[in-house]
Structures are given as C-alpha cells and as structure tokens.
Amino acid sequence: MTVHFDGLTLDWLGYATLRIEGDDSVVYFDPGRYGVLTGEWEPHDDVAHPPAQDYDAHDADVVCVTHVHHYDPDGIRRVANDDTTLVVFEGIDVHRTDRDLDRPADLPYDRVEVSMEDDRLVEDLPLWTVPAYNNPDGPNVDETGEPIHPKGIGCGFLVAVDGTRVFWPGDTDVLPGHGELDADVFVPSIAKNYTMDRHEAADLAEEMAPGLVLPMHYNTFEALESDSGAFATDVARRGVPVALDER
C-alpha cells in the first residue's frame, strides 16, 4: 500500500515494515521477518497488504530496528546499500532468539545504537526514541505472567523526514507520554495480541491528533488478526484521517 502525505511517500510492505521517502531521504522501519520482502509469507485471505515479491531496493539512507523480534539481517540487506546507516536498539541480543542471526555489529553498515529514550541526528534526519514494552499487569503476558515484551527489550521511533514526523511505537502497549508526542503520521500496531489493540490505538490516535493514521503490523498470521475496517471507522469517527488498504 502506498500513501502520499505532506510530501512524503509511505509504503507499508507488510508486517512491521514501512518505507518512508522524502525529497532526499529514504527511511525504513523494521524491514523483513516472516517473508514480507521475499514473498514467502502465506497471507490470510483478508490480509490488508500482500507480501512483496523478491524485494531488493537497496535504497535506504537510514534503517531503524526496534527490537530483536523485528531484527532481520536478510531484510536489512534487501533495503540497505554501502551508504546506509543502521539505527538499532542497543538491547538487541541475537542470543535471545532461536533464529540463526548475524549480530548487528557484524553487518557491513555504519551503525548507531540507541537507548529507550534518545535523540539523535542521523544522516541529517532528527530522530527520537521512546520506550516500548508490555505492562506486567496488562493482557500481553506469557503463560508465566511475564510481559511478552518486558521493559528494556526495545524502543519506538519518531523520525522527521522533510519536517514531517512519523511515529512507529514498536511492539508496545500504550504507555505514559505517547499521547503527548508531536507526530504528523502515526503508524500503530492494531493486532489483537502482543501490542496495543485496535481500540487502544484508536484512543491514542484521538489523543495524539496526527494528520494521518496508517495502521500496520496486523493480519500477518492468526495471532495478529484485527478488524482493520472497524479500526478505520472508529478513528475516522473521531475526526482523525486514516489510510487503509483492504484488498
């Protein structure tokens, strides 16, 4: 799905992968995982966006990775080039996954590590991070009662491209401070598990009042199913513009 907003071109490529293009910069959030850039993912019939087919753009100026669950070296290689800067959460530990992954330090790109609350200038782009985690007393916990995304596992990104601020909160519940962020484009997860759901994302969208809401990270597989049409209707009724592709 391609959306044009305030001079930017935004492409949701599936799952948590978003491409942002401005006049002189291309930024990716969380490229890859589950075959969204290779066409290997088998989407549901009601999936909002089909996976890319052998995507090899190599056009990224900046690649932002929120946490280890979304860290995919192959996906990064498909969008990066020799001049790409990789911005990764400092807590990414490949030993916390059963996937066989190269460490971020072993990838052949300039690398910037960020904390949960950081502000940087990366390739002339202002970039801020915010905490991303599940509340211990919330619904997104495992069978032992521990948060699926504990505090310290990752971050969200707010990036200004040509002065337009795009906010991807990452895999997180709605947290204190989210509603106070100055974001022009809000790209929330609306999945039924692991993150804020569509109801919470709609409440947050109303509080933030961005110029556009572009939901992603849903309907990749059963655990991430969501009624995206109901979300879009809910947000629009609150007076917040929303973009949705229901193919």
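A brief report on the enclosed structure follows.

All buried positions along helix H3 (residues 228-237) are accounted for by Ser228, Phe231, Ala232, Asp234 and Val235. One side of H3 carries all its buried residues, which in axial view fall inside an arc of 165 degrees. Lining the buried residues of H3 we find helix H2 (198-208) and strand E13 (212-213). After H3 finishes, the residue Gly239 shows a positive phi value of roughly 85 degrees.

In sheet architecture, strand pairing relies on hydrogen bonds along the backbone and comes in two forms, parallel and antiparallel. With respect to topology, seven strands assemble into an open sheet ordered E1-E2-E3-E4-E5-E6-E7, the strand pairing being mixed. Of all strands in the sheet, those with a lone pairing partner are strand E1 (2-5) and strand E7 (110-114), marking the two edges. Between one strand axis and the next, the sheet turns by 20 degrees as a mean value, whatever way the strands run. The pairing of strand E3 (residues 17-21) with strand E4 (residues 26-29) spans four bridges and is antiparallel. Looking at the pairing, Leu18 lines up with Phe29 of E4.

Pairing in this open sheet of six strands is mixed, and the strands run E8-E9-E10-E11-E12-E13 from one edge to the other. The sheet terminates laterally at strand E8 (119-122) and E13, the two strands that pair on one side only. Sheet topology places strand E9 (residues 125-132) next to strand E10 (residues 154-161); six bridges connect them, and they run antiparallel. Of the residues in E10, the one forming a bridge with Leu127 is Val159.

Residue alternation in E1 divides its side chains into a buried set, Val3 and Phe5, and an unburied set, Thr2 and His4. Bridging between E1 and strand E2 (residues 8-14) involves four bridges; their strand directions are antiparallel. When the sheet's bridge partners are listed, Phe5 is paired in E2 with Leu8. Between E1 and E2, which follow one another and run antiparallel, lie two residues, and Asp6 among them has a positive phi close to 50 degrees.

Summed over all chains, the structure comprises 13 salt bridges. Between Glu21 and Arg19 there is a salt bridge whose closest N-O contact spans 2.9 Å. Look at Glu21 and you get partly exposed, because its relative accessible area is 31%. Arg19 gets classed as buried once you look at its relative accessible area, which sits at 10%.

Take unusual backbone geometry next. Positive phi, normally seen in glycine, also occurs at Tyr15, with a value near 55 degrees. Structurally, the position occupied by Tyr15 is in the loop between E2 and E3. The backbone phi angle of Ala209 is positive, close to 55 degrees, even though this residue is not glycine. Structurally, Ala209 is set in the loop between H2 and E13.

A contiguous patch of negative charge on the surface is contributed by Asp82, Asp83, Asp110, Glu123 and Asp124. Mapped onto the elements of the fold, Glu123 is located in the loop between E8 and E9. Overall, Glu123 belongs to the partly exposed group, its relative accessible area being 42%.

Going through the model one piece at a time under the given rule, you end up with seven aromatic pairs. When the ring of Tyr15 is compared with that of Tyr34, the centres are 5.1 Å apart and the planes differ by 90 degrees; the resulting orientation is edge-to-face. Pair noted here: Tyr15 is in the loop between E2 and E3 and Tyr34 is in the loop between E4 and strand E5 (62-65), with a separation of 19 residues, a long-range link. Given a relative accessible area of 4%, Tyr15 falls into the buried group.

The rules we used
Residues numbered from 1 in each chain as written. Predicted model: local features only at pLDDT ≥ 70, side-chain atom pairs only at ≥ 80, totals over all residues. Heavy atoms only, no water. Buried < 20%, exposed > 50% of the residue type's maximum accessible area, 1.4 Å probe, protein only. Helix = DSSP H or I, 4+ residues; strand = E, 2+ residues; numbered from the N terminus. Arc of directions from axis to C-beta. Contact = heavy atoms within 4.5 Å. Pairing = 2+ DSSP bridges. Axes fitted to C-alpha atoms, helices over the stretch in contact; angles between N-to-C directions. Salt bridge = Lys/Arg side-chain N within 4 Å of Asp/Glu carboxyl O. Patch = residues over 30% accessible without salt bridge, like charges linked within 9 Å, V, L, I, M, F, W, Y side chains within 5 Å. Areas by Shrake-Rupley, 256 points an atom, 1.4 Å probe, with all protein chains shown as cover. Lys, Arg positive; Asp, Glu negative; His and termini not counted. Charge placed at Lys NZ, Arg CZ, Asp CG, Glu CD. Phe/Tyr/Trp six-rings, centres within 6.5 Å; stacked < 30°, edge-to-face > 60°.

Functional significance is not addressed by these values, which are geometric in nature.
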